[in-house]
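The chain contents come next:
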Amino acid sequence: MCGIVGYIGKKNGAIPVIDGLKRLEYRGYDSWGIAAKDSGRIDFHKQVGKIGAFELAKDLPEFSGNICIGHTRWATHGGVTEANSHPHFSCDNKIAVVHNGIIENYQELRKNLEAKGHKFRSQTDTEIIPHLIEEKLKEKHNLPSAVRLALKDLEGSYAVGVISQDDDILIGARKGSPLVLGIGNGEFFLGSDVPAFLKYTNKVIFLDENQMAILDQKNQSYKIMDVNTNKQLNPEIATIEWSLDEAEKGGHPHFMIKEMLEQPYVIEKTISVEANELKKAASMIKSAERIYIVACGTAMHAGMYGAYIFALRNNLIVQTISAGEFPYFEHLISTNDLIITVSQSGETADVLEAVRSAHRSGAKVLSLVNVMGSSLMRMSDMFLLTKAGPEICVLSTKAYVSQQAMFVMLSATLAGDITAGKKILQIAKNDIAKILKLMSLDKIKKLAREIATVPNIYAIGRGVNYPSALEGCLKIKEVSYIHAEGFAGGDLKHGPISLIEPGVPVLAFVANDGSDKEILSNAMEVKARGARVIGISFENNQVFDEYFPVAANGVYTPISAIVYTQLIAYFIALEKKLDPDKPRNLAKSVTVK
Ligand code: AGP
């Protein structure tokens with residue numbers, strides 16, 4: 001939630017900062033703002049809405065400064081207004097701050113500051129930060145100390161960028177929200193995520209919890225300090241392998257379609273995952289007494305799929321828990337348990353909290369995570385990188401396929417046959433490539449056009465395809481705002497079948513895994529009540545009003561089957577003239593609980 005960007009160097013920092021904000025817009029797009037220091041003065045600009053079409057040279061030609069911070073907002077505290085957009089300022093307007101996270105004790109801090117005469121201009125939790133810094137500066141601290149002491153007063157989570165009218169430095173710090181430092185040639189960048197500045201440098205430091213970066217313009221140097229101990233640290237500089245091209249649309253109209261098209265290549269990457277890594281992860285699984293898969297949203301659906309595969313192929317009982325619900329199970333977790341977390345971003349607050357809670361109980365954590373250097377990666381006892389590449393569209397598509405594929409490789413490793421896992425994924429990869437070629441066929445678009453105006457869509461699946469039904473409907477509802485709900489086929493008769501009325505589209509996922517007869521009977525049941533049955537199946541059947549073929553890949557069929565629903569969701573969004581990359585009310589990384 002929310003993206004922050006910072007620049008310090010010799011250029012007009014507003015250029016890379018605006019550029020970075022556009023790349024981070026997936027983190028929030030309610031409003032945005034920038035502040036830049038130019039010859040001793042801080043200038044700023046704030047705007048409600050998306051930054052997408054804004055052009056610095058045309059819309060704000062005079063705006064410049066060598067030290068600059070920017071923010072794109074996903075509102076938590078205070079409505080979507082210009083006053084609540086970042087940057088926020090101290091009373092004397094000398095300190096400007098951008099912030100991602102939530103300050104839990106802001107009400108108490110605000111009361112204290114107001115008692116000291118501070119005047120607030122927004123309803124945000126963030127605004128207390130520049131006022132706190134201002135207060136510390138009055139106590140004769142220099143800017144780095146004032147920032148450090150202010151941060152120590154904060155409870156909750158933050159990634160911040162701070163500039164001051166009186167200093168030629170840019171300060172960034174983090175606790176609970178991500179922040180990456182980019183090291184360029186005589187210039188530095190801050191970003192909530194690497195794509196924010198990847199155009200300018202691929203040398204980065206992933207700031208760790210409670211770390212603060214002090215970036216100096218004159219000396220062209222940086223210092224990383226521990227906020228709690230004030231000790232200087234020497235973290236490793238990493239080189240990012242993602243190309244800018246991977247992080248950009250590459251000629252496609254939306255990131256969503258670009259990312260869906262990358263799925264065969266993503267599976268290829270999973271096929272080549274290091275056998276040693278898989279074996280290490282498999283031995284953690286083997287030695288665990290109880291195993292829980294903990295994740296959110298799409299990643300949780302991938303986790304559910306993993307649990308079915310572990311049960312069906314490895315005779316393992318694994319429970320999937322939505323990370324937000326994990327606290328209610330914490331008291332049952334013990335030292336011999338293993339928590340497998342799944343996350344694209346590696347920054348989802350509920351997942352990180354589950355990891356902390358697992359560690360409190362002495363359990364081990366194995367993570368399937370896509371973002372290198374993410375908090376989750378660093379907090380886990382072991383991680384497997386899903387290597388889907390940067391996923392920018394708010395809807396998770398290629399990351400889902402990579403997570404399913406990683407579970408297949410893990411299951412094959414547990415069964416002692418990694419080669420079998422590779423063969424299965426090869427089938428899935430070829431099938432996805434085939435489906436994506438069919439993409440241009442009018443059939444999917446025609447269906448999308450026909451169902452774009454319906455109020456409800458349902459999906460049914462059994463066993464490994466139950467997660468497909470849930471995930472397919474999540475995609476549709478996220479991007480088209482149509483009410484879409486997935487059910488286990490067997491559950492229909494326990495209530496949901498009462499929702500079926502003439503013409504309602506029902507997607508039926510059918511795999512050649514022994515569940516086909518049952519799910520086809522469920523399809524018959526809804527058809528008998530007037531539903532329009534759309535079969536995503538390894539073979540055609542007379543119950544289907546429309547048929548979309550998938551390879552007969554047994555319990556692995558869902559890996560390619562899901563691609564149809566991604567495409568249907570995408571084309572419905574286009575039909576409804578909605579932006580598939582930035583659905584309303586959503587953000588890519590949910591860094592708030
Ligand atoms: C999927 O399309 C979502 N936008 C959302 O459900 C997402 O999968 C969830 O928030 C988890 O994110 P993560 O994988 O980054 O942890």
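These remarks concern the structure in this document. Residue positions within a chain follow its written sequence, with the count starting from 1. Note on the predicted model: pLDDT of at least 70 is required for a residue's local features to be given, and 80 or more for side-chain atom pairs to be given and counted; whole-chain, interface and lining totals, by contrast, use all residues. Hydrogens are left out, water is left out, and the side-chain values use all remaining heavy atoms of the structure.

Focus on the pattern of salt bridges
Rules: A side-chain nitrogen of Lys or Arg and a carboxyl oxygen of Asp or Glu constitute a salt bridge if their distance falls within 4 Å. The cut-offs for exposure are 20% and 50% of the maximum accessible area for each residue type, with area from a 1.4 Å probe on protein chains only; residues under the lower value are buried, those over the upper are exposed, and the others partly exposed.
Scanning the entire structure with this criterion turns up 29 salt bridges. The shortest N-O distance in the salt bridge between R360 and E353 comes to 3.6 Å. The exposure class assigned to R360 is exposed, which follows from its relative accessible area of 54%. Each of E330, E353, R356 and R360 takes part in a single network of salt bridges with overlapping partners.

Considering the sheet that holds strand β2 (residues 31–38)
Filter applied, for reference: Should DSSP find at least two bridges between two strands, the strands are taken to pair. Each helix is a run of H or I in the DSSP string that is no shorter than four residues. Each strand is a run of E no shorter than two, and both are numbered from the N terminus. Contact criterion: two residues are considered in contact whenever any of their non-hydrogen atoms come within 4.5 Å of each other. Here the axes come from fitting lines to C-alpha atoms, over the contacting stretch only for helices, and the angles between their N-to-C directions go from 0 to 180 degrees.
Read from one edge to the other, the open sheet built from eight strands follows the order β3-β2-β4-β1-β10-β9-β11-β15, with strand pairing classed as antiparallel. Only two strands of the sheet have a single partner each, and these edge strands are β3 (41–48) and β15 (238–239). Of the strand pairs in this sheet, strand β9 (residues 180–183) and strand β11 (residues 203–206) are connected by three bridges, and their pairing is antiparallel. Across the sheet, L181 pairs through a bridge with I205, a residue of β11. On the sheet, helix α1 (residues 14–24) packs against β1 (3–8), β2, β4 (67–73) and β10 (188–191) and is oriented at approximately 160° with respect to β1.

Brief notes about the sheet that holds strand β7 (residues 158–164)
With antiparallel pairing, seven strands are arranged side by side in an open sheet as β5-β6-β7-β8-β12-β13-β14. With one partner strand each, in any of the chains shown, β5 (88–89) and β14 (232–233) form the two edges of the open sheet. As paired strands, strand β13 (residues 221–226) and β14 are joined by two bridges and run antiparallel to one another. Bridging across to β14, I224 finds its partner in L233. Sheet strands in contact with helix α5 (residues 143–152) are β6 (95–100), β7, β8 (169–175), β12 (211–216) and β13, and its direction is about 20° off that of β8.

Considerations on the site of the ligand
Basically, it comes down to this: Neighbouring residues are identified by heavy atoms, a residue being near a molecule or strand if any of them is within 4 Å of it. Polar contact is the term for a pair of N or O atoms within 3.5 Å; when the atoms are in protein, one must be able to donate a hydrogen and the other to accept it, and sequence-neighboring residues count only if both atoms are side-chain atoms. We get accessible surface area from the Shrake-Rupley algorithm with a probe of 1.4 Å; when it comes to residues, only the shown protein chains can shield them.
Taken together, 15 residues form the shell around the ligand, and within it S343, Q344, S345, T348 and E478 come nearest. Within the backbone of T298, one N or O atom sits 3.2 Å away from an oxygen atom of the ligand. Separating an oxygen atom of the ligand from a side-chain N or O atom of S343 is a distance of 2.6 Å. For the ligand, the accessible surface in isolation is 410 Å², of which the surrounding protein chains cover 92%. Counting only elements with at least two residues in the shell around the ligand, the list comes to α10 (297–314) and α16 (466–480).

Quick look at unusual backbone geometry
Leaving glycine aside, a negative phi is the common case for residues, and trans is the common case for peptide bonds. In this model, H86 is joined to P87 through a cis peptide bond whose omega is 0°. In this fold, P87 is placed in the loop between β4 and β5. Its identity is not glycine, yet N210 carries a phi of approximately 60°, on the positive side. With respect to the helices and strands, the residue N210 is situated in the loop between β11 and β12. Owing to a relative accessible area of 19%, N210 belongs among the buried residues under this scheme. Phi at N315 takes a positive value of approximately 50°, unusual for a residue other than glycine. The residue N315 is located in the loop between α10 and β17 (318–322) in this model.

Points about the pairing of strand β24 (residues 532–537)
Quick note on the threshold: For a crossover, the right-handed case is the one in which the path from the first strand over the helix to the second runs clockwise, viewed with the strands pointing away from the viewer.
Of all six residues making up β24, six are buried, and the element is well covered by its neighbours. The alternating pattern of β24 places R532, I534 and I536 and V533, G535 and S537 on opposite faces, both of which are buried. Here strand β23 (residues 505–510) pairs with β24 via six bridges, running parallel. Pairing of V506 across the sheet is with V533, part of β24. Assessed by its sense of winding, the connection that carries the chain from β23 through helix α17 (residues 516–528) to β24 is right-handed. Sheet analysis places β24 next to strand β25 (residues 546–549), joined by four bridges and oriented parallel. The partner of S537 across the bridge, within β25, is P549.

Re helix α3 (residues 106–115)
Under the convention used in this document: Our arc is simply the arc of the directions from the helix axis toward the C-beta atoms.
Turning to α3, its buried residues number three or more, namely Y106, L109, R110 and L113. Around the axis of α3, the buried residues are gathered within 100° of arc, so they sit on the same side. Away from the buried face of α3 by more than 90 degrees, exposed residues Q107, E108, K111 and A115 are located. Buried residues along α3 sit against α4 (128–138). G117 occupies a position one or two residues after α3 and carries a positive phi of about 100°.

A look at the packing of helix α8 (residues 263–271) against helix α14 (residues 418–438)
Worth spelling out the cut-off: We call two directions roughly parallel when the angle between them is under 35 degrees, roughly antiparallel when it is over 145, roughly perpendicular when it lies between 65 and 115, and oblique otherwise. As a working rule, the residues Ala, Val, Leu, Ile, Met, Phe, Trp, Tyr, Cys and Pro are called nonpolar, Asp, Glu, Lys and Arg charged, and the rest polar, with Gly in that last group.
In contact at an axis separation of 8 Å, α8 and α14 are set at 170° when each is read in the N-to-C sense. One element, α8, and the other, α14, form an angle in the roughly antiparallel class. Along the contact surface, α8 presents Q263, P264, I267, E268, T270 and I271, while α14 presents K422, L425, Q426, A428, K429, I432, A433 and L436. Class assignment of the residues belonging to the contact of α8 with α14 gives a composition of eight nonpolar, three polar and three charged.

Details of the packing of aromatic side chains
Stated formally: Stacked, edge-to-face and tilted are the three classes for Phe, Tyr and Trp ring pairs, Trp counted by its six-membered ring, which pair at centre distances within 6.5 Å; planes under 30 degrees apart are stacked, over 60 edge-to-face, the rest tilted.
Applying the stated criterion to the full structure yields eleven aromatic pairs. With centroids separated by 5.9 Å and ring planes inclined at 5°, the aromatic side chains of F544 and Y547 adopt a geometry described as stacked. An identical accessibility class is assigned to F544 and Y547; each is buried. A ring pair is formed by Y570 and F571, whose centres lie 5.2 Å apart and whose planes are at 70°; its orientation type is edge-to-face. Accessibility classification places Y570 together with F571 in one group, the buried group. Of the aromatic side chains, those joined through ring pairs into one cluster are Y7, F189, F197 and Y200.

Quick word on the state of the cysteines
Two cysteines whose sulfur atoms are joined by a covalent bond form what is called a disulfide. How we decide: Any two cysteine sulfur atoms within 2.5 Å of one another count as a disulfide.
Applying the stated rule across the entire model yields zero disulfides. Here C68 stays unpaired: no disulfide links it, and the sulfur of C2, its closest cysteine neighbor, is 17 Å away. According to the relative accessible area criterion, C68 is buried, its value standing at 0%. The closest cysteine sulfur to the non-disulfide-bonded C296 is located on C2, 18 Å from its own sulfur.

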